[in-house]
Amino acid sequence: RRGARPPLPPPRRAMSGADDMAAKRAEIAAMVSALRLDQERAAADKEKLQEQRAQFFGTHEGVHCDGCGTGPIVGYRYKCKRCQNHDICESCYDMHRLEGKVTNAHNRQALSLDAADHDFKLHKEKGFKSMAGGAAKGQTQKSAPKLKPNDPCSCGSKKKAKKCGCGVFRP
């Protein structure tokens, strides 16, 4: 027939209390699963960052920070000159230096919490190579060749570097 109207959709029935609660449960379950996925991604990102930091800065295997309890220490390690066995990480050293605070996370050894009782020094053990400052893979730069005494002076005088008085050559 001409001009016939399309059939009307069936009337919506009102949701019952049970249907409404089931829809809300499904919505909450979807939000919880999305939050769990975000947490898993954040944990994976944090782990990846720690691995990159360890590769870049180096690690002190078997040494835990007496300040915050982190172990192994990644990055610079500081030892107290006055205490027999007191090692701290870089962030605890900054807190000691800037805020004058010393913490003792382990509570296994008797350490003074008075900052004046400690004198921390950067500790570099054999085998530790900090890779910070451009020594990481692909970041090395070749330095200019060192001027030798019998090389021509770089000032352009055509004299030997040791005889030129321009001050470029320093033995």
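On a predicted model such as this, the values are computed, not experimentally measured, just so you know.

Definitions and limits used
- Residues numbered from 1 in each chain as written.
- Predicted model: local features only at pLDDT ≥ 70, side-chain atom pairs only at ≥ 80, totals over all residues.
- Heavy atoms only, no water.
- Pairing = 2+ DSSP bridges.
- Helix = DSSP H or I, 4+ residues; strand = E, 2+ residues; numbered from the N terminus.
- Axes fitted to C-alpha atoms, helices over the stretch in contact; angles between N-to-C directions.
- Contact = heavy atoms within 4.5 Å.
- pLDDT = per-residue confidence, 0-100.
- Patch = residues over 30% accessible without salt bridge, like charges linked within 9 Å, V, L, I, M, F, W, Y side chains within 5 Å.
- Areas by Shrake-Rupley, 256 points an atom, 1.4 Å probe, with all protein chains shown as cover.
- Salt bridge = Lys/Arg side-chain N within 4 Å of Asp/Glu carboxyl O.
- Buried < 20%, exposed > 50% of the residue type's maximum accessible area, 1.4 Å probe, protein only.
- Arc of directions from axis to C-beta.
- Polar contact = N/O pair within 3.5 Å; in protein donor to acceptor, adjacent residues only side chain to side chain.

### Considering the sheet that holds strand S4 (residues 87-89)
- Here three strands make up an open sheet; going across it, the order is S4-S3-S5 and the pairing antiparallel. Since the sheet does not close on itself, it has two edges, and those belong to S4 and strand S5 (120-123), each with one partner. Geometrically, the sheet is characterised by an average inter-axis angle of 40 degrees between neighbouring strands, direction not taken into account.
- Packing of helix H2 (residues 90-99) onto the sheet brings it into contact with strand S3 (77-80), S4 and S5, and relative to S4 it is tilted by some 95 degrees.

### Let's talk about unusual backbone geometry
- Its identity as a non-glycine residue notwithstanding, Lys-158 has a phi of 65 degrees, on the positive side.
- With respect to the helices and strands, the residue Lys-158 is situated in the segment after S5.

### Describing the confidence of the model for the protein chain
- On average, residues of the protein chain score 77 in pLDDT, and 74% of them are at 70 or above.
- Here residues 134-138 is a poorly scored stretch, pLDDT under 50, and it has five contacts once near neighbours within four places are set aside; other chains count.

### What about a nonpolar patch on the surface?
- Taken together, the side chains of Ile-28, Met-31 and Val-32 present a nonpolar region at the surface, about 260 Å² in accessible area.
- Along the chain, the position of Val-32 falls in helix H1 (residues 17-57).

### What about H2?
- All of the buried residues along H2 are Cys-92, Tyr-93 and His-96. The buried residues of H2 occupy an angular sector of 105 degrees when projected down its axis, which confines them to one face. Projecting away from the buried face of H2 at angles above 90 degrees are the exposed residues Ser-91 and Leu-98.
- Looking at the buried residues of H2, the elements they touch are S3, S4 and S5.
- Positive phi shows up at Gly-100, right after H2, with a value of about 70 degrees.

### Overview of the pattern of salt bridges
- Summed over the entire model, instances satisfying the criterion amount to four salt bridges.
- One salt bridge connects Asp-87 with Arg-77, and the closest N-O pair in it is separated by 3.2 Å. Separated by ten residues along the polypeptide, Asp-87 in strand S4 and Arg-77 in strand S3 bring together distant segments of the chain. For the pair Asp-87 and Arg-77, a shared accessibility class is recorded, and that class is buried.
- With a closest N to O distance of 3.7 Å, Lys-81 and Asp-119 form a salt bridge. With a gap of 38 residues between them, Lys-81 in the loop between S3 and S4 and Asp-119 in the loop between H2 and S5 connect regions that are remote in the sequence.

### Side note on the side chain of His-118
- Residue placement: His-118 occurs in the loop between H2 and S5.
- On the accessibility criterion, His-118 (5% relative accessible area) is buried.
- Separated by 3.4 Å, the side chains of His-118 and His-86 make a polar contact.
- Setting aside chain neighbours within four positions, we find His-118 in contact with Cys-80, Arg-82, Cys-83, His-86, His-96, Val-102 and Ser-112.

### Topic: the environment of Asn-104
- With respect to the helices and strands, the residue Asn-104 is situated in the loop between H2 and S5.
- Owing to a relative accessible area of 15%, Asn-104 belongs among the buried residues under this scheme.
- The sequence separation of Asn-104 and Cys-68 amounts to 36 residues, and the corresponding C-alpha distance is 6.9 Å.
- Beyond its immediate chain neighbours, meaning those up to four positions away, Asn-104 contacts Asp-66, Gly-67, Gln-109, Leu-111 and Leu-113.

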